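# Per-entry structural report
Here is what each chain is made of, one letter per residue.
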Amino acid sequence: MPRNLKEEIVFTAIMAGLMVLVMTGYNVAMAQGLSSELPMAILSAYPLGLGVAIVLDLLIVGPIAKGLAFKYIINDYMKKNTALIGITISVLMVLGMVTLMSFFGIAVEGKLSQGHVLATYGHTWIFNLIVALPLQLLIVGPIARGVLGKMQKAVAKVEETEAESKATKEEI
């Protein structure tokens, strides 16, 4: 889990970057089908989707998911196992992000003005959840946590070296 703002930003950038890339590809392919234009369509939709996802993650979904998790779901037993905390928050994050980003997707596609908006939204939401939840739990989450863990170990090693250096100087 991120321990400070810098780690939160790096973690969110990796998590959102990979999730949005894959989900953009999935949604564009679902909407337009597989064609030679697919890579360009994904690349053109990616920046806006990433920007919206990062804002939603940091300002709305992240705080709500963490608040709900620690207030209502995570108990004393779960606090002893950080993996359970991570999975709980990941599931809540996926539910929140799929809920908001599905709406964003149908709005960008201009499907809000068409009939059957609730049916379109429900279809989009369930199909996004079916892909996003395993993607997050099995691929993207472990990658982001792995990078964060290496970053935290590197920072700890630098801090340890600095502390040893400072202690050596004080001895002299």
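Small disclaimer: the values here were computed from a predicted structure and weren't measured. (Residues numbered from 1 in each chain as written. Predicted model: local features only at pLDDT ≥ 70, side-chain atom pairs only at ≥ 80, totals over all residues. Heavy atoms only, no water.)

Glancing now at the overall build of the protein. When helices and strands are counted, the protein shows five helices and zero strands. Its C-alpha radius of gyration of 20 Å places the protein more than 25% over the 16 Å reference for a compact globule of 172 residues. Across its three principal directions, the C-alpha atoms of the protein cover 75 × 40 × 25 Å. Looking at the 172 residues of the protein, the share that counts as buried comes to 33%. Summarising the internal contacts of the protein: among those between residues at least 6 apart in sequence, 67% fall at separations of at least 24. Accessible surface for the protein amounts to roughly 10,800 Å². Of this, 69% is attributable to carbon and sulfur atoms. Both charge centroids of the protein, one from 13 positive and one from 12 negative side chains, sit 5 Å from each other. (Helix = DSSP H or I, 4+ residues; strand = E, 2+ residues; numbered from the N terminus. Rg over C-alpha atoms; globule rule 2.2 N^0.38 Å. Buried < 20%, exposed > 50% of the residue type's maximum accessible area, 1.4 Å probe, protein only. Contact = heavy atoms within 4.5 Å. Areas by Shrake-Rupley, 256 points an atom, 1.4 Å probe, with all protein chains shown as cover. Lys, Arg positive; Asp, Glu negative; His and termini not counted. Charge placed at Lys NZ, Arg CZ, Asp CG, Glu CD.)

Now for the packing of helix H1 (residues 5-32) against helix H5 (residues 117-171). Following both chains from N to C, one finds H1 and H5 inclined at 150°, their axes separated by 9 Å at the closest point. Overall, the two elements H1 and H5 adopt an arrangement that is roughly antiparallel. For the element pair H1 and H5, the recorded crossing hand is right-handed. Of the residues contributing to the contact of H1 with H5, the split by class is 20 nonpolar, five polar and three charged. (Axes fitted to C-alpha atoms, helices over the stretch in contact; angles between N-to-C directions. Parallel < 35°, antiparallel > 145°, perpendicular 65-115°, else oblique. Left-handed = near helix turned anticlockwise from the far one by under 90°. Nonpolar A, V, L, I, M, F, W, Y, C, P; charged D, E, K, R; others polar.)

Moving on, we get to the environment of Lys66. Residue placement: Lys66 occurs in helix H2 (residues 38-73). Taking the C-alpha atoms as reference, Lys66 lies 35 Å from Gln114; in sequence the two are 48 residues apart.

Residues Val55, Leu58, Leu59, Ile60, Ile64, Leu68, Tyr72, Ile73 and Leu100 make up a contiguous nonpolar surface patch of roughly 820 Å² in combined accessible area. Per-element accounting of the nonpolar patch gives the leading share, eight residues, to H2. Of note, Ile60 is situated in helix H2. (Patch = residues over 30% accessible without salt bridge, like charges linked within 9 Å, V, L, I, M, F, W, Y side chains within 5 Å. Salt bridge = Lys/Arg side-chain N within 4 Å of Asp/Glu carboxyl O.)

Time to look at H5. At Gln136, H5 shows its maximal kink, close to 55°. Buried residues of H5: Thr124, Asn128, Leu129, Ala132, Leu135, Gln136, Val140, Gly141, Ala144, Leu148, Met151 and Gln152, and no others. Buried-residue contacts for H5 involve H1 and helix H4 (82-108). (Bend = angle between axes of the 7 residues up to and from the residue.)

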